[in-house]
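Structural overview for review
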Amino acid sequence: MTSIRPRVELIPIFEDNYVFCLIDQDNQEVLVVDPGEAAKTSQFLKENNLKLQGVLLTHHHNDHIGGVRALISEHPAPIYAPKKNKTQIITADSWVSDGEKIKLGPFEFEVLELPGHTLGHVAYWEPKFKWLFSGDVLFGLGCGRIFEGTYEQAYDSIQRLKNLPSETLVYCTHEYTEANLTFCKMLSNLDNSPITGDSEELEMYANQLLSRREMNLPSVPLKLSVELSVNPFLLAKSVAQFSYLRDLRNRQ
Ligand SMILES: [Zn+2]
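Quick summary incoming for the structure in this document. (Residues numbered from 1 in each chain as written. Predicted model: local features only at pLDDT ≥ 70, side-chain atom pairs only at ≥ 80, totals over all residues. Heavy atoms only, no water.)

With that settled, the discussion passes to the coordination of the zinc ion. Distances from the zinc ion to its protein donors, His 59 (NE2), His 61 (ND1), His 117 (NE2) and Asp 136 (OD), fall at 2.2 to 2.3 Å. Geometry at the zinc ion is irregular, judged from the four donor atoms that bind it and their angles of 91 to 171° at the metal. Motif for the zinc ion, donor spacing along one chain: H-x1-H-x55-H-x18-D. There is no split in this pair, since His 59 and His 61 are both buried. (Donors = N, O, S within 2.8 Å, 3.2 Å for Na, K, Ca; no water. Tetrahedral: all angles 85-135°; square planar, octahedral: opposite > 155°, others 65-115°. Buried < 20%, exposed > 50% of the residue type's maximum accessible area, 1.4 Å probe, protein only.)

A few words now on the packing of aromatic side chains. Here the structure, examined in full by the defined rule, presents 15 aromatic pairs. With a centroid separation of 5.9 Å and 40° between ring planes, the pair formed by Phe 107 and Trp 131 is classed as tilted. Here Phe 107, found in strand 8 (residues 107–113), pairs with Trp 131, found in strand 10 (residues 131–135); they are 24 residues apart in sequence, far enough to count as distant. Owing to a relative accessible area of 2%, Phe 107 belongs among the buried residues under this scheme. One aromatic cluster in this structure is built from Tyr 18, Phe 20, Phe 107, Phe 109, Tyr 124, Phe 129, Trp 131, Phe 133 and Tyr 171. (Phe/Tyr/Trp six-rings, centres within 6.5 Å; stacked < 30°, edge-to-face > 60°. Helix = DSSP H or I, 4+ residues; strand = E, 2+ residues; numbered from the N terminus.)

To continue, consider the side chain of Asn 231. Inspection of the secondary structure puts Asn 231 in the loop between helix 7 (224–230) and helix 8 (232–235). Here the side chain of Asn 231 touches Gly 142 through a polar contact of 3.1 Å, landing on its backbone oxygen. With residues up to four places along the chain from it excluded, the contact list for Asn 231 reads Leu 138, Phe 139, Gly 140, Leu 141 and Gly 142. (Polar contact = N/O pair within 3.5 Å; in protein donor to acceptor, adjacent residues only side chain to side chain. Contact = heavy atoms within 4.5 Å.)

Turning our attention to the environment of Phe 14. Note on placement: Phe 14 falls in the loop between strand 1 (7–13) and strand 2 (17–24). The spatial distance from the C-alpha of Phe 14 to the C-alpha of Asp 63 is 8.3 Å, given a sequence separation of 49 residues. Once you skip the residues sitting within four places of it in the chain, Phe 14 turns out to touch Gly 36, Glu 37 and Asp 63.

Moving on, we come to the sheet that holds strand 5 (residues 79–82). Strand order across the open sheet formed by six strands is 1-2-3-4-5-6, with mixed pairing between neighbours. A single partner strand is all that each edge strand has here, and the edge strands are strand 1 and strand 6 (94–96). Sheet twist, expressed as the average angle between the axes of neighbouring strands with direction ignored, equals 25°. Across two bridges, strand 4 (residues 51–56) lies against strand 5 in parallel orientation. Bridge pairing in strand 5 links Val 55 to Ile 79. (Pairing = 2+ DSSP bridges. Axes fitted to C-alpha atoms, helices over the stretch in contact; angles between N-to-C directions.)

What follows concerns the packing of helix 4 (residues 151–161) against helix 9 (residues 239–251). With their axes 9 Å apart at the nearest point, helix 4 and helix 9 run at an angle of 105° to one another. With respect to each other, helix 4 and helix 9 are oriented roughly perpendicular. Residues Tyr 151, Glu 152, Ala 154, Tyr 155 and Ile 158 of helix 4 form the contact with helix 9, whose participating residues are Val 239, Phe 242, Ser 243, Arg 246 and Asp 247. Its residues assigned to classes, the contact of helix 4 with helix 9 shows six nonpolar, one polar and three charged. (Parallel < 35°, antiparallel > 145°, perpendicular 65-115°, else oblique. Nonpolar A, V, L, I, M, F, W, Y, C, P; charged D, E, K, R; others polar.)

Here we take up the sheet that holds strand 9 (residues 122–126). The sheet built from six strands is open, its strands ordered 7-8-9-10-13-14 with mixed pairing. A single partner strand is all that each edge strand has here, and the edge strands are strand 7 (101–104) and strand 14 (222–223). Summarising the sheet, strand 10 and strand 13 (residues 169–172) pair through four bridges and their orientation is parallel. Each residue of the ladder has a partner; that of Phe 133, found in strand 13, is Tyr 171.

If you want it as structure tokens, here you go:
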């Protein structure tokens, strides 16, 4: 029997969140990343006859962890959460920190600690499939708000993503890409803008994005190779530039 390549399904929840289901079709098994709510996720598992093998959490915000307890009560499985969120995510079974490897079914994740949005924020990197589950660190044409960390930490976290292979697919939790496109256009119209991405690439990006969104298709996963040439937060060359952009975006 030839094995089927695992795939990621997106479940839209709330206004603009996604829950990610990593499906190992060969064994009818699934991993779930950041279940902010349980009902839709549980329904998806039942409809597709999938057995939950684990839950990966990126950080302690409720729109990422709110559904964990209810999901686990119906589909018992181990929960992985950032070690630095030990007091905030008390339901977890395993606490993960930078560089740690997690083997689950056909997947082997490496944990990347990426503070900034929150202090304990982690991403889960799967090198074989080149998938990154990055929570609220990076968004399409944008990045996460800095709630707990410093600008410097957030900037350093973004720099670490640049070291991943450019063919990486970035599964970020929010569908913010259109709002960020408006920001990028505003940025490229500023007289003294320090950062402007490749304008032709941005135009192409905008066309693809708008046609996908018109059909109600997600902009996620993001292609890291594309984000590297158009996302202003990845293009920022210093903490100062990064901070300037983040402040400007906050005021929008
Ligand atoms: Zn968050």
